[in-house]
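# A structural walkthrough
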Amino acid sequence: MHSVSISASASASASAIASGGARSKAAAGRRPSEIRFCGLRGDALACGSLRASHAAAATSRAVLRAASANGAAGSGDRFDYDLVIIGAGVGGHGAALHAVEEGLKTAIIEGDVVGGTCVNRGCVPSKALLAVSGRMRELHDEHHMKSLGLQVSSTGYDRQAVADHANNLASKIRSNLTNSMKAMGVDILTGFGKIVGKQRVRYGKVGFPEKEITAKNIIIATGSVPFVPKGIEIDGKTVFTSDHALKLESVPDWIAIVGSGYIGLEFSDVYTALGSEVTFVEALDQLMPGFDPEIAKLAQRVLINTRKIDYHTGVFASKITPAKDGKPVLIELIDAKTKEHKETLEVNYILNIFLFLYAGVTIAVLLATSLLGYNTCTL
Ligand SMILES: Cc1cc2nc3c(=O)[nH]c(=O)nc-3n(C[C@H](O)[C@H](O)[C@H](O)COP(=O)(O)OP(=O)(O)OC[C@H]3O[C@@H](n4cnc5c(N)ncnc54)[C@H](O)[C@@H]3O)c2cc1C
């Protein structure tokens, strides 16, 4: 019995895309049990380019397991694939490229779109929007412009064009990712994957007959979905997650952001550059609680204090009700420690106030394990 783990990161993915299919096949022919993937553990992180903290963070988001090679489910020792990967996010993509590089017959199953969160709803579109917001700020900085000898009479933006820019970039990278896997000989199978037995995976689209394949090894790289805490109602218009926010369907006058981690901070940067005011709601006693203290101090000075941002710390948003029937968005705040009611933020509908929620991880692990049918088989 052997197991493998992989590391998922945007940078790993980017380098994989950049190098395309031109990888060495020197290791072809090695047995799967001899393969060393870059993983979470310190020893495996010796893979230089994956040292970035993002790599570890991304890895923890991918749900990774390897099925036992013992007890073949197929006929005798023969399998359809040496490796089947469920989930074609950056984690699954990286694993697939490593696997074919090592000579494994590999398939990847994707239930939605290739690229997963990072490419379609995460790193890529958010960085595209950040690039726009950076330029907006530069153009607004009259002093800086003058020092360059430039005169800017007026600045503005086309919301839809900005949204299209982010979407086009995501789509370009999605297609690069797909092509890189095809070029390496990875079979891309479409549909929702389910482990139905030891070394057996079923997949298919809703309404179509399912197909079943056997695999010597299975990697689960099903990633994460936005975490919506209990009591918070999402309507996708006045209360929404990062998935919706990245589509930039509107730029509100005022937006409350629950959670001041790096994703919340990125959105505050984008929205304030485009003219919104931002209110952070943070459960811990300080903003950016997960950051290195020195970086948090710098970020507070540069990215918070100089912008139209205020915040409530030490409070939970225990209940959020979307705006409807002319009523405003209601955000009930309770003390994070005592759980006593502190305040209700009433957000005037007419003022076009929106709320965005932080994308989380924990729930995704639960989702992945239940959706993949762990109850019905033992890995
Ligand atoms: C707004 C935002 C900004 C971010 N910015 C950064 C950043 O700058 N840098 C960084 O390193 N990280 C960033 N991240 C985090 C990064 O997106 C994730 O860490 C990364 O996407 C995880 O990759 P993954 O392959 O493990 O999972 P995912 O990208 O979630 O991919 C999982 C894939 O599996 C598919 N899937 C799930 N279940 C099944 C099933 N049963 N059958 C078939 N397919 C299935 C899904 O459709 C999905 O395509 C950001 C995230 C967000 C939300």
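Residues numbered from 1 in each chain as written. Predicted model: local features only at pLDDT ≥ 70, side-chain atom pairs only at ≥ 80, totals over all residues.

Under the annotation held in an unreviewed UniProt entry, the protein chain carries the name dihydrolipoyl dehydrogenase and is attributed to Triticum urartu. According to its UniProt record, the protein chain has this under Cofactor (unreviewed entry): "FAD". (UniProt positions renumbered as here; feature names shortened; annotations may be inferred.)

### Quick word on the overall build of the protein chain
Along the protein chain, the regular secondary structure elements total 11 helices and 14 strands. For the protein chain, buried positions account for 39% of its 379 residues. Across the protein chain, contacts joining residues at least 24 apart in sequence account for 72% of those joining residues at least 6 apart. (Helix = DSSP H or I, 4+ residues; strand = E, 2+ residues; numbered from the N terminus. Buried ≥ 20, exposed ≤ 12 C-beta atoms within 10 Å, placed from the backbone. Contact = placed C-beta atoms within 7 Å.)

### Notes on helix H5 (residues 123-140)
For H5, with 18 residues, the first-to-last C-alpha span of 25 Å sits near the 26 Å given by 1.5 Å per residue. Among the residues making up H5, those that are buried are Cys123, Val124, Pro125, Ser126, Ala128, Leu129, Val132 and Ser133. (Expected span 1.5 Å × (residues − 1).)

### Some thoughts on the sheet that holds strand S4 (residues 192-197)
One open sheet holds the six strands; their spatial order is S3-S2-S1-S6-S5-S4, and the pairing between them is mixed. Two strands close off the open sheet at either side, each with one partner strand: strand S3 (187-190) and S4. Each strand of the sheet is rotated relative to its neighbour by a mean of 45°, with strand direction disregarded. Bridge count between S4 and strand S5 (residues 200-204): five bridges; the pairing is antiparallel. What sits directly across from glycine 193, in S5, is tyrosine 203. (Pairing = 2+ DSSP bridges. Axes fitted to C-alpha atoms, helices over the stretch in contact; angles between N-to-C directions.)

### Focus on the confidence of the model for the protein chain
For the protein chain, the mean per-residue pLDDT works out to 76, and 71% of the residues sit at or above 70. The low-confidence segment residues 349-354, where pLDDT is below 50, has 19 contacts with residues more than four positions distant or belonging to other chains. (pLDDT = per-residue confidence, 0-100.)

### Some words on the environment of methionine 136
Positionally, methionine 136 belongs in helix H5. On the basis of neighbour count, methionine 136 is assigned to the partly exposed category, with 19 C-beta atoms found within 10 Å. For the pair methionine 136 and valine 270, spaced 134 residues apart in the sequence, the C-alpha separation amounts to 9.5 Å. Non-local contacts of methionine 136, meaning those with residues more than four positions away in its chain, are made with Thr155, Tyr157, Ala273 and Leu274.

### Overview of the pairing of strand S1 (residues 81-86)
The buried fraction of S1 amounts to six of the six residues, a majority that puts the element mostly inside the structure. As judged from the five bridges shared by S1 and strand S6 (residues 211-220), these two strands associate in the parallel manner. Across the sheet, the residue bridging to leucine 83 is asparagine 217, located in S6. Sheet topology places S1 next to strand S2 (residues 106-110); four bridges connect them, and they run parallel. Its bridge partner lying in S2, isoleucine 86 is registered against isoleucine 109.

### Digging into unusual backbone geometry
In this structure, glutamine 199 is a non-glycine residue whose phi angle is positive, near 65°. For lysine 339, which is not glycine, the phi dihedral falls at a positive 70°. Following the sequence through the fold, lysine 339 ends up in the loop between strand S12 (329-335) and strand S13 (341-347).

### Section: the environment of tryptophan 254
Inspection of the secondary structure assignment puts tryptophan 254 in strand S8 (residues 254-258). In the structure, tryptophan 254 is positioned 23 residues away from glutamate 277 in sequence and 4.5 Å away in space, judged by C-alpha atoms.

### Observations regarding the packing of H5 against helix H9 (residues 262-273)
H9 packs onto H5 with a crossing angle of 45° between their chain directions and a minimal axis gap of 9 Å. Considered as vectors, H5 and H9 are oriented oblique to each other. The two elements H5 and H9 cross, and the hand of that crossing is left-handed. Residues Ser126, Leu129, Leu130, Ser133, Met136 and Arg137 of H5 lie in contact with H9, whose contacting residues are Glu266, Asp269, Val270 and Ala273. (Parallel < 35°, antiparallel > 145°, perpendicular 65-115°, else oblique. Left-handed = near helix turned anticlockwise from the far one by under 90°.)

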